[in-house]
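Here is how the chains run, residue by residue.
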Amino acid sequence: MITYHEEVPDVETYFELRKAVDWAVFSEEQAKKALDRAVFAIIAKDGDKPVAMGRVIGDGMYYRICDVVVRPEYQGQKIGATLLDKLVNLCIKDAPENSRISVDLIAAKGKAPFYLKQGFTALPNDECGPALRKVFYF
Ligand SMILES: CC(C)(COP(=O)(O)OP(=O)(O)OC[C@H]1O[C@@H](n2cnc3c(N)ncnc32)[C@H](O)[C@@H]1OP(=O)(O)O)[C@@H](O)C(=O)NCCC(=O)NCCS
């Protein structure tokens, strides 16, 4: 049975899950700093084995979902959708009355349909221009 835990992965688990989907791992120091700064994180486990993760960074007004990963052998079982839903609900629960929050993310190539199915809107749309970013490597 898959269980979901509000828990920030340690660096080892974080790197292991990233490697499982062929994502690059960068500096351990940077990963530790980033994980320490997560606002929310969820780990899905099969028994004790971490099989998926996702986390949220943000400031209470703008939230960004990142590092959504499901181990390949566990994909296609709605684990990603469940985890994403839980992350979004944590953001919603965090919102005070009379507020507006924005939950954003950058989809990996080819993964936008997964997020569209979970109710996210692609930019640009009627209200917003495109999302923009700069990336630096050191
Ligand atoms: C993308 C990812 C998180 C999806 O997780 P998952 O557990 O396999 O997805 P789910 O089983 O919850 O899928 C939910 C729905 O999205 C659909 N879906 C999932 N991935 C999709 C894709 N790449 N393209 C189109 N639809 C997709 C599923 O078919 C399912 O549709 P349904 O509700 O009509 O049955 C997972 O494939 C993954 O970890 N990929 C590698 C890492 C990655 O790219 N992460 C995203 C970073 S932005």
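Our structure is the block above this text.
Because the structure is a prediction, the values reported are computed rather than measured. (Residues numbered from 1 in each chain as written. Predicted model: local features only at pLDDT ≥ 70, side-chain atom pairs only at ≥ 80, totals over all residues.)

(A) Quick look at the overall build of the chain. Each helix and strand in the chain was counted, giving 4 helices and 5 strands. Starting at the N terminus and walking to the C terminus, you meet the elements of the chain as β-α-α-β-β-β-α-β-α. Expected size for 138 residues packed as a compact globule is a radius of gyration near 14 Å; at 15 Å, the chain falls within 12% of this value. The dimensions of the chain, computed from C-alpha atoms along their principal axes, are 40 × 40 × 30 Å. (Helix = DSSP H or I, 4+ residues; strand = E, 2+ residues; numbered from the N terminus. Rg over C-alpha atoms; globule rule 2.2 N^0.38 Å.)

(B) Fine view of the pairing of strand β2 (residues 40-46). Of all the 7 residues making up β2, 5 are buried; the element is thus mostly covered by neighbouring parts of the structure. Examined bridge by bridge, strand β1 (residues 2-6) and β2 share 5 bridges and lie antiparallel to one another. Paired with Thr-3 across the bridge in β2 is Lys-45. When β2 meets strand β3 (residues 49-58), the two strands line up antiparallel, connected through 7 bridges. Bridged to Ile-42 within β3 is Gly-54. Linking β2 back to β3 in an antiparallel pair, the connection comprises 2 residues, with Gly-47 at a positive phi of about 65 degrees. (Buried ≥ 20, exposed ≤ 12 C-beta atoms within 10 Å, placed from the backbone. Pairing = 2+ DSSP bridges.)

(C) Spotlight on the nonpolar core. With 20 residues, the main nonpolar core has Ile-42, Ala-52, Met-53, Leu-83 and Leu-87 as its most contacted residues. For this core, the secondary-structure elements that each account for two or more residues are α1 (11-20), β2, β3, β4 (62-70) and α3 (79-94). (Core = buried A, V, L, I, M, F, W, Y, C linked by C-beta atoms within 7 Å.)

(D) Highlighting the sheet that holds β1. What the 5 strands build is an open sheet, ordered β1-β2-β3-β4-β5; its pairing is mixed. The open sheet has two edge strands with one neighbour each: β1 and β5 (102-104). Ignoring which end each strand starts from, the neighbouring axes of this sheet average 20 degrees apart. Across the sheet, α3 is in contact with β1, β2, β3, β4 and β5; its angle to β3 comes to roughly 35 degrees. (Axes fitted to C-alpha atoms, helices over the stretch in contact; angles between N-to-C directions. Contact = placed C-beta atoms within 7 Å.)

(E) Looking closely at the site of the ligand. With respect to spatial proximity, 18 residues lie near the ligand, and among them Gln-75, Gly-80, Ala-81, Ala-108 and Pro-113 are the closest. Taken together, the residues that form the shell around the ligand break down as 10 nonpolar, 5 polar and 3 charged. (Near = placed C-beta within 6 Å. Nonpolar A, V, L, I, M, F, W, Y, C, P; charged D, E, K, R; others polar.)

(F) Structural detail: α3. Helix length check: α3, at 16 residues, gives a terminal C-alpha distance of 23 Å against a target of 22 Å (1.5 Å per residue), a fit within 8%. Tucked inside the fold, the buried residues of α3 contact β1, β2, β3, β4, β5 and α4 (112-117). (Expected span 1.5 Å × (residues − 1).)

(G) View of unusual backbone geometry. Note that the residue after Leu-123, namely Pro-124, is joined by a cis bond; omega there is 0 degrees. When you line up the elements, Pro-124 lands in the segment after α4. The phi torsion at Lys-78 lies on the positive side, around 70 degrees, for a residue other than glycine. Here Asn-98, not a glycine, exhibits a phi torsion of approximately 55 degrees, which is positive. Tracing the sequence through the fold places Asn-98 in the loop between α3 and β5.

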